[in-house]
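Each chain, letter by letter, is given below.
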Amino acid sequence: HDAALSPVQNGARLHQAIAALAPGRGLAIGPGTWSVPNRLDLNGIGSETAPIWLFALDPQQRPVITRPDAGQNVVNVGSNAPARYWVLRDLELTGGSDLLRLYDVAHLWVDRCHLHDGHGVGIAANTLSTHHLWITRNEIERPGPGTGEGMYLGGTNGASVSYSVVAFNHVHDTRAAMPGQGDGIELKQGSHHNWILGNHVHDCRNPCILVYGTGGNG
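The structure presented is a predicted model; accordingly, all values stated were derived computationally and were not measured.

**So, the sheet that holds strand β10 (residues 100–102)**
Part 1: Pairing is parallel in the open sheet, where 7 strands are placed in the order β3-β7-β10-β13-β16-β19-β22. Across the chains shown, the open sheet's two edge strands, defined by having one partner strand only, are β3 (41–42) and β22 (209–211).
Part 2: With 3 bridges joining them, strand β19 (residues 185–187) and β22 adopt parallel strand pairing. Along β22, the bridge assignment pairs leucine 187 with valine 211.

Spelled out as structure tokens, the structure:
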């Protein structure tokens, strides 16, 4: 982070550095506010032995990643091309529309991140089917005044989440959501082979944890 530059200028530098990442490489992001001016999409194919990492240089001072407008998601994963074997750790996401939106994604670990004060959903995985997600030890609060779910996993269009773990997260204060919305953790119909355990979920407008059926998927 260059204190002589604006948050948007620093955000453009961050975007460029992320785009240059290759499998097996990581980017340690320093403290400060990084306001990404253009659509930020994480994509690329890592592997089990060579994942792609984004993490805080100092876990006690999370880098703040945001957007300068409320109409765009803060971080998209796999929207322009598939994303496999990514790790996001100790990041702070705020502003924008959805805070973290997943598209063509598998083998993603989101750990110890703080997602708050957006205008949509905290973590959304409801466009395409995803699998092998590990969402652990994050705090999600005040995700937004729209649908406002802390996590929206799977979709009404047949998208599902499978073989995933949602554990030890703190999800709270979704009361600003629209009427009939604002679940803490919502797992949609057709999702299967998931573990949801050890989460602390409270002060939600809709159910704290809402789980549908597996749609015959075991």
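**Some details on the environment of asparagine 194**
Part 1: With respect to the secondary-structure elements, asparagine 194 resides in strand β20 (residues 192–197).
Part 2: Sequence-distant contacts of asparagine 194, defined by excluding residues within four places in its chain, comprise Val161, Ser162, Tyr163, Ser164 and Leu187.
Part 3: Here the side chain of asparagine 194 touches serine 164 through a polar contact of 3.0 Å, landing on its backbone nitrogen.
Part 4: In this structure the side chain of asparagine 194 is engaged in a polar contact, spanning 3.1 Å, whose partner is the backbone oxygen of histidine 192.

**Regarding unusual backbone geometry**
Part 1: One non-glycine residue, histidine 132, adopts positive backbone phi at about 55 degrees.
Part 2: The exposure class of histidine 132 is partly exposed, given its relative accessible area of 25%.
Part 3: Positive phi values are uncommon outside glycine, yet arginine 137 reaches one of about 60 degrees.
Part 4: Structurally, the position occupied by arginine 137 is in the loop between β14 (130–136) and β15 (139–141).
Part 5: Residue classification places arginine 137 among the partly exposed residues on the basis of a relative accessible area of 42%.

**Some words on a nonpolar patch on the surface**
Part 1: Taken together, the side chains of Phe168, Trp195 and Leu197 define a hydrophobic patch exposed on the protein surface, amounting to about 370 Å² of accessible area.
Part 2: Looking at the secondary structure, you find leucine 197 in strand β20.
Part 3: For leucine 197, a relative accessible area of 34% corresponds to the partly exposed category.

**Examining the environment of proline 31**
Part 1: Following the sequence through the fold, proline 31 ends up in the loop between β1 (26–29) and β2 (33–35).
Part 2: The class for proline 31 is partly exposed, based on a relative accessible area of 33%.
Part 3: For the pair formed by proline 31 and valine 64, sequence separation is 33 residues and the distance between their alpha carbons is 7.2 Å.
Part 4: With near-sequence residues (within four places) excluded, proline 31 lies in contact with His1, Gln61 and Pro63.

**Details of the packing of aromatic side chains**
Centre distance and the angle of the planes are the two values used to describe a pair of aromatic rings.
Part 1: Evaluation of the coordinates by the stated rule reveals 0 aromatic pairs.
Part 2: Note that arginine 89 overlies the ring of tryptophan 109, its terminal NZ or CZ placed 4.4 Å from the centroid.

**A look at helix α1 (residues 7–19)**
Part 1: Over its 13 residues, α1 extends 18 Å from the first C-alpha to the last, a length consistent with the 18 Å expected when each residue adds 1.5 Å.
Part 2: All of the buried residues along α1 are Asn10, Gly11, Leu14, His15 and Ile18. Buried residues in α1, looked at end-on, bunch into an arc of 145 degrees, giving them a common side. Structural note: α1 exposes Gln16 and Ala19 on the side pointing more than 90 degrees away from its buried face.
Part 3: Those residues of α1 hidden inside the fold are in contact with β1, β2, β3, β5 (52–56), β6 (64–66) and β8 (83–89).

**Some details on the sheet that holds β6**
Part 1: The 7 strands are arranged β2-β6-β9-β12-β15-β18-β21 in an open sheet whose pairing can be described as parallel. Strand pairing shows two members of the sheet lacking a second neighbour, β2 and β21 (200–202), which therefore form its edges. Taking the axes of each pair of neighbouring strands and ignoring which way they run, one obtains an average angle of 10 degrees across the sheet.
Part 2: Here 3 bridges tie strand β18 (residues 170–172) to β21, and the two strands are oriented parallel to one another. The partner of histidine 172 across the bridge, within β21, is histidine 202.

**Details of the pairing of β8**
Part 1: For β8, the tally of buried residues reaches 5 of 7 residues, placing the bulk of the element in the interior.
Part 2: Note that strand β4 (residues 44–45) and β8 share 2 bridges and pair parallel. Bridge pairing in β8 links glycine 44 to alanine 83.
Part 3: As defined by bridge partners, β5 adjoins β8 across 4 bridges and the pair is classed as parallel. Residue pairing for β8: isoleucine 52 is matched across the bridge by tryptophan 86.

Parameters and conventions
- Residues numbered from 1 in each chain as written.
- Predicted model: local features only at pLDDT ≥ 70, side-chain atom pairs only at ≥ 80, totals over all residues.
- Heavy atoms only, no water.
- Pairing = 2+ DSSP bridges.
- Helix = DSSP H or I, 4+ residues; strand = E, 2+ residues; numbered from the N terminus.
- Contact = heavy atoms within 4.5 Å.
- Polar contact = N/O pair within 3.5 Å; in protein donor to acceptor, adjacent residues only side chain to side chain.
- Buried < 20%, exposed > 50% of the residue type's maximum accessible area, 1.4 Å probe, protein only.
- Patch = residues over 30% accessible without salt bridge, like charges linked within 9 Å, V, L, I, M, F, W, Y side chains within 5 Å.
- Areas by Shrake-Rupley, 256 points an atom, 1.4 Å probe, with all protein chains shown as cover.
- Salt bridge = Lys/Arg side-chain N within 4 Å of Asp/Glu carboxyl O.
- Phe/Tyr/Trp six-rings, centres within 6.5 Å; stacked < 30°, edge-to-face > 60°.
- Lys NZ or Arg CZ within 6 Å of the ring centre and 35° of its normal.
- Expected span 1.5 Å × (residues − 1).
- Arc of directions from axis to C-beta.
- Axes fitted to C-alpha atoms, helices over the stretch in contact; angles between N-to-C directions.

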